[in-house]
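Listed below, chain by chain, are the residues.
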Amino acid sequence: MSELSQEKKASLLEAERAHGASTTGQKEDNELAALGYKPELHRNRSLYTILFQALAITAVPFGEGTALTSAIYGGGQLAYFVGWIVVALLDECVAVSLSELASKFPTSSGPSYWSFQLLPEGRSRVIFSFITGWVWLIGNITICLSVNFGTASLIAGTATIYHPDWVASDWQLLLIFFAVCIGTFLVCAFGNRILPYVDTVASVWNGLTILIVCVALSATAKVGRHSVADALAHYDKSFSGWGNFTFFIGLLPTAYTFAAIGMITSMAEEVADPARDVPKALSLVVPISAVAGLFFILPICFTMPPLEDILNAPQAQAMPYVFHVVMGTAGGGLALMFFLLGVAVFCCISITTAASRTLWAFARDQAIPFSSIWSKLIGDQVPITALALLTVVQMLLGLVNLGSTSAFTAFASCGVIALAAAYAIVIAISLFTGRKAVSTARWRCPSLVGYFVNIMSIAWVAFQLVLFSMPAALPVTVASMNYASVVLVGFMFISFVYYVVYGRKVYNGTPESDGL
């Protein structure tokens with residue numbers, strides 16, 4: 001037996017003694033040890049709780065609500081409704097493709113680990129793994145940033161229901177954002193044992209919000225109801241200036257909603273049977289959300305106020321304005337926003353939990369500066385230092401909004417681009433290596449289906465990279481320019497400098513897998 005294998009077995013035995021693991025836990029810990037890692041986290045999640053976390057991260061009312069303005073620029077109801085269906089089908093291809101990899105390599109290290117294992121031996125796979133991991137980490141951090149800041153913006157927007165002339169100053173918005181970040185940190189750091197229950201409540205809250213919005217808007221409709229033709233096919237390409245390309249701008253809300261589905265793979269080491277449960281949850285979250293989302297989108301399409309008025313909504317927040325106007329009273333609008341804000345808060349908690357595991361796992365592989373600090377587990381086996389770093393980085397990046405709103409928007413768009421790029425990298429490697437690794441995964445597609453969903457995923461991600469790098473409307477000004485690609489390149493340059501200066505000396509890729 002090799003020295004590496006002996007170390008793995010010794011680590012496993014030590015972990016089992018420490019945990020007093022059950023037979024099932026020993027089996028999963030054995031599998032994790034075969035992947036090269038010592039079991040360190042509590043396996044306190046089942047198929048249902050990991051699925052509930054995925055649904056909480058998707059947060060249909062929050063994603064579709066906060067990005068409604070993009071759908072208006074994309075032409076209105078046609079892009080909002082048809083775009084939801086089209087993008088859901090495309091993102092299911094991505095989810096299924098990632099599910100196979102998550103089943104074969106059920107570890108919190110995710111794409112950085114997958115790329116290392118899929119590529120042939122050599123220094124190039126170490127570099128490739130490092131790049132993939134940094135793209136993945138950047139995506140996790142910036143998508144968290146967008147959710148937390150989006151929640152702060154929704155809170156400010158909700159206040160305009162009663163005070164339409166009030167506009168939160170940059171400092172006021174920043175302080176709300178800081179409060180959201182700190183509150184989320186406290187829940188995630190000190191409520192680890194109850195987080196699976198929080199995700200369960202979050203899923204129920206999501207469903208309840210969709211149901212209440214559907215009934216309330218459909219029953220009230222104070223600005224009237226559109227015909228079926230207008231509600232489902234109204235298309236006005238005059239807002240964006242993109243001409244015939246306008247429709248694709250309207251795909252942004254759905255793409256944003258499903259952008260972070262792959263983040264639940266970072267929870268693998270806290271799931272009882274990750275090789276089965278994580279891919280099942282990942283493959284189910286899109287169809288479940290897609291069906292539920294129709295009950296949220298259709299009432300909005302049928303009762304939507306004039307599109308020009310929505311674009312001029314106070315605080316640039318469309319949903320508070322739509323709820324207020326359609327319900328006809330400030331109280332009615334506020335009641336619906338109460339439920340939507342609940343969805344947003346739950347999303348903040350669930351997505352921050354997943355992102356902190358990504359940061360912790362990457363630090364465990366010594367891929368970021370001061371890795372020994374961020375890879376520590378404290379108290380109830382919680383990566384509190386990684387959580388703290390994630391929170392501080394978000395708060396520092398939030399300061400950018402004081403100087404340039406467009407720069408902050410770029411961080412949000414960067415999250416979608418970076419996550420999508422990480423997905424595409426690992427899916428492409430699996431595809432071009434003949435899908436050999438995933439052919440032996442416990443959860444896998446038939447060969448032809450697998451090739452189809454992989455190819456569709458790569459094509460869709462390539463289009464997303466262009467779409468999320470474009471400004472929503474023309475003509476472009478310094479303020480309206482989309483700097484997402486510039487931000488991503490900037491972050492990658494920082495990672496390159498770190499690798500050249502120090503990273504190459506300590507990062508040798510992820511551990512070798514003994515296979516499952």
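- In the annotation of an unreviewed UniProt entry, the protein chain is listed under the name Amino acid permease and assigned to Pochonia chlamydosporia 170.
- Of the comments in the UniProt record for the protein chain, the one headed Subcellular location (unreviewed entry) reads "Membrane".

**A closer look at the overall build of the protein chain**
Right, on to step 1. Tallying secondary structure elements over the protein chain gives 23 helices and zero strands in all.
Right, on to step 2. Over its C-alpha trace the protein chain gives a radius of gyration of 22 Å, about what one expects of a compact globule, namely 24 Å for 516 residues.
Right, on to step 3. Considered along the principal axes of its C-alpha atoms, the protein chain spans approximately 75 × 45 × 45 Å.
Right, on to step 4. The buried share of the protein chain, reckoned over its 516 residues, is 59%.
Right, on to step 5. Taking the intrachain contacts of the protein chain between residues at least 6 apart in sequence as the baseline, contacts between residues at least 24 apart amount to 82%.

**A word on the packing of helix H10 (residues 195–220) against helix H16 (residues 318–327)**
Right, on to step 1. Close contact between H10 and H16 brings their axes to 9 Å; oriented N to C, the two are set at 45 degrees. When the interaxial angle is binned, H10 and H16 end up oblique. For the pair formed by H10 and H16, the contact residues are Val 213, Ala 216, Leu 217 and Thr 220 on the first element and Phe 323, Val 326 and Met 327 on the second.
Right, on to step 2. Class assignment of the residues belonging to the contact of H10 with H16 gives a composition of six nonpolar, one polar and no charged.

**Focus on the pattern of salt bridges**
Right, on to step 1. Under the criterion given, the structure shown has 11 salt bridges.
Right, on to step 2. A salt bridge links Lys 27 to Glu 28, with the nearest nitrogen and oxygen atoms 3.6 Å apart.
Right, on to step 3. Judged by relative accessible area, Lys 27 falls into the partly exposed class, the value being 40%.
Right, on to step 4. Connected through salt bridges with shared partners, the residues Asp 273, Arg 276, Asp 277 and Arg 442 form a single ionic network.

**Concerning the environment of Asn 482**
Right, on to step 1. Within the secondary structure, Asn 482 sits in the loop between helix H22 (447–467) and helix H23 (484–506).
Right, on to step 2. Look at Asn 482 and you get buried, because its relative accessible area is 11%.
Right, on to step 3. Along the chain, Asn 482 and Val 322 lie 160 residues apart, while their C-alpha atoms are 26 Å from each other.
Right, on to step 4. The residues touching Asn 482, leaving out its near neighbours within four places in the chain, are Ser 413, Phe 468, Ser 469, Met 470 and Pro 471.

Rules of the game
Residues numbered from 1 in each chain as written. Predicted model: local features only at pLDDT ≥ 70, side-chain atom pairs only at ≥ 80, totals over all residues. Heavy atoms only, no water. UniProt positions renumbered as here; feature names shortened; annotations may be inferred. Helix = DSSP H or I, 4+ residues; strand = E, 2+ residues; numbered from the N terminus. Rg over C-alpha atoms; globule rule 2.2 N^0.38 Å. Buried < 20%, exposed > 50% of the residue type's maximum accessible area, 1.4 Å probe, protein only. Contact = heavy atoms within 4.5 Å. Axes fitted to C-alpha atoms, helices over the stretch in contact; angles between N-to-C directions. Parallel < 35°, antiparallel > 145°, perpendicular 65-115°, else oblique. Nonpolar A, V, L, I, M, F, W, Y, C, P; charged D, E, K, R; others polar. Salt bridge = Lys/Arg side-chain N within 4 Å of Asp/Glu carboxyl O.

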